[in-house]
Amino acid sequence: MIFDLIKSRRSVFPAQYIDKPIAKTDIEKILEAANWAPNHRKTEPWRFKVIQGESKEKLGLFLSLKYMETEERPKEMKVKKLIDNPKKAAAIIAICMQRDPKESVPEWEEVAATAMAVQNMWLCCTEMGIGSYWSSPGLIKYMDEFFEMNEGEKCLGFFYMGYYEGELPEVTRRPIEDKVVWAD
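What comes next is a walk through the structure. (Residues numbered from 1 in each chain as written. Predicted model: local features only at pLDDT ≥ 70, side-chain atom pairs only at ≥ 80, totals over all residues. Heavy atoms only, no water.)

**Brief notes about helix 2 (residues 24–34)**
Taken as a whole, helix 2 has its buried residues at I27, I30, A33 and A34. Down the axis of helix 2, the buried set is contained in an arc of 115°. They therefore lie on one face. Exposed positions of helix 2 whose direction lies more than 90 degrees from the buried face are K24 and T25. Residues of helix 2 that are buried in the fold lie against strand 1 (46–51), strand 2 (91–98), helix 5 (107–128), strand 3 (130–135) and strand 4 (153–163). (Buried < 20%, exposed > 50% of the residue type's maximum accessible area, 1.4 Å probe, protein only. Helix = DSSP H or I, 4+ residues; strand = E, 2+ residues; numbered from the N terminus. Arc of directions from axis to C-beta. Contact = heavy atoms within 4.5 Å.)

Quick look at the structure:
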């Protein structure tokens, strides 16, 4: 049931991943799920760049060097995490949004549509037993120096993916009644 799947979705971080590859056909299925996200005026703004193999190490190196270059007081622990996290993932998908050149809808609607595409990916990963996590470090604003990007395209973060072992913790939410106002 979809409601159970939604409730079982979790952030599973790179430190939790085991060394097991994700089949290309599974990544393609996850991306196909993204492609069915709702969007306004059929702009389909989501764009993805799949990072695997040596490209993961290159991404980690790029992020760590860019962090040291731009941060006044870089923290050694953060540098290490920026290098290590991509290597721990079976695959990373750069989440990008391509702005409609006609600007037929507000930019926030294109960002929202891209986020819905990522939610579809996340739910698909959950169903497939693949852990995933959306990271959106401030360094994403420099990704045009790492990837070739089209005019109007911007990176919104990284979708880390990997298999994991063990049970994920239960999560609770405050009651929905605390967050809803009914207007009759």
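**Brief notes about the pairing of strand 4**
Among the eleven residues in strand 4, ten count as buried, and that is most of the element. Two elements, strand 2 and strand 4, share eight bridges in a ladder whose sense is antiparallel. Pairing of A94 across the sheet is with F158, part of strand 4. (Pairing = 2+ DSSP bridges.)

**Quick notes on the packing of helix 3 (residues 54–70) against helix 4 (residues 76–88)**
Put simply, helix 3 and helix 4 touch, their axes get as near as 7 Å, and they point 165° apart. Here helix 3 is positioned roughly antiparallel relative to helix 4, judged by the angle of their axes. The handedness of the crossing between helix 3 and helix 4 is right-handed. Here K56, E57, G60, L63, S64, Y67 and M68 of helix 3 come into contact with helix 4, specifically with K78, V79, L82, I83, P86 and K87. Of the residues in the contact of helix 3 with helix 4, the class split is seven nonpolar, two polar and four charged. (Axes fitted to C-alpha atoms, helices over the stretch in contact; angles between N-to-C directions. Parallel < 35°, antiparallel > 145°, perpendicular 65-115°, else oblique. Left-handed = near helix turned anticlockwise from the far one by under 90°. Nonpolar A, V, L, I, M, F, W, Y, C, P; charged D, E, K, R; others polar.)

**Let's talk about a positive patch on the surface**
Residues K75, K78, K81 and K88 make up a contiguous surface patch of positive charge. Within the fold, K81 resides in helix 4. (Patch = residues over 30% accessible without salt bridge, like charges linked within 9 Å, V, L, I, M, F, W, Y side chains within 5 Å. Areas by Shrake-Rupley, 256 points an atom, 1.4 Å probe, with all protein chains shown as cover. Salt bridge = Lys/Arg side-chain N within 4 Å of Asp/Glu carboxyl O. Lys, Arg positive; Asp, Glu negative; His and termini not counted. Charge placed at Lys NZ, Arg CZ, Asp CG, Glu CD.)

**Observations regarding the pattern of salt bridges**
When the charged atoms of two side chains with opposite charge come close together, those side chains can pair. Under the counting rule described, the total for this entry stands at six salt bridges. Between R99 and E110 there is a salt bridge, with its nearest N and O atoms 3.1 Å apart. You can see R99 sitting in the loop between strand 2 and helix 5 and its partner E110 sitting in helix 5, a full eleven residues away along the chain. The burial state of R99 is the same as that of E110; both residues are buried. In this structure, K154 and E107 form a salt bridge, with 2.8 Å as the shortest nitrogen-oxygen distance. Taken as a pair, K154 in strand 4 and E107 in helix 5 lie far apart in primary sequence, 47 residues in all. On the basis of relative accessible area, E107 is assigned to the partly exposed category, the value being 32%. Each of K66, E69 and E145 takes part in salt bridges that share partners, so that together they form one network.

**Focus on the environment of Y164**
Looking at the secondary structure, you find Y164 in the segment after strand 4. The partly exposed category is assigned to Y164, whose relative accessible area is 23%. Taking the C-alpha atoms as reference points, Y164 and R10, separated by 154 residues in sequence, lie 12 Å from one another. Once you skip the residues sitting within four places of it in the chain, Y164 turns out to touch V12, Q16, I18, G129, I130 and G131.

**What to know about the packing of aromatic side chains**
Inspection of every chain in the model, using the stated rule, returns six aromatic pairs. Centre to centre, the rings of F146 and F147 are 5.0 Å apart; their planes meet at 80°, and the pair counts as edge-to-face. Judged by its relative accessible area of 27%, F146 falls in the partly exposed class. Overall, F147 belongs to the buried group, its relative accessible area being 13%. Site record: aromatic cluster; members linked through ring pairs are F13, Y133, F158 and Y160. The cationic tip of K66 hangs over the ring face of Y142; the distance from NZ or CZ to the ring centre is 5.0 Å. (Phe/Tyr/Trp six-rings, centres within 6.5 Å; stacked < 30°, edge-to-face > 60°. Lys NZ or Arg CZ within 6 Å of the ring centre and 35° of its normal.)

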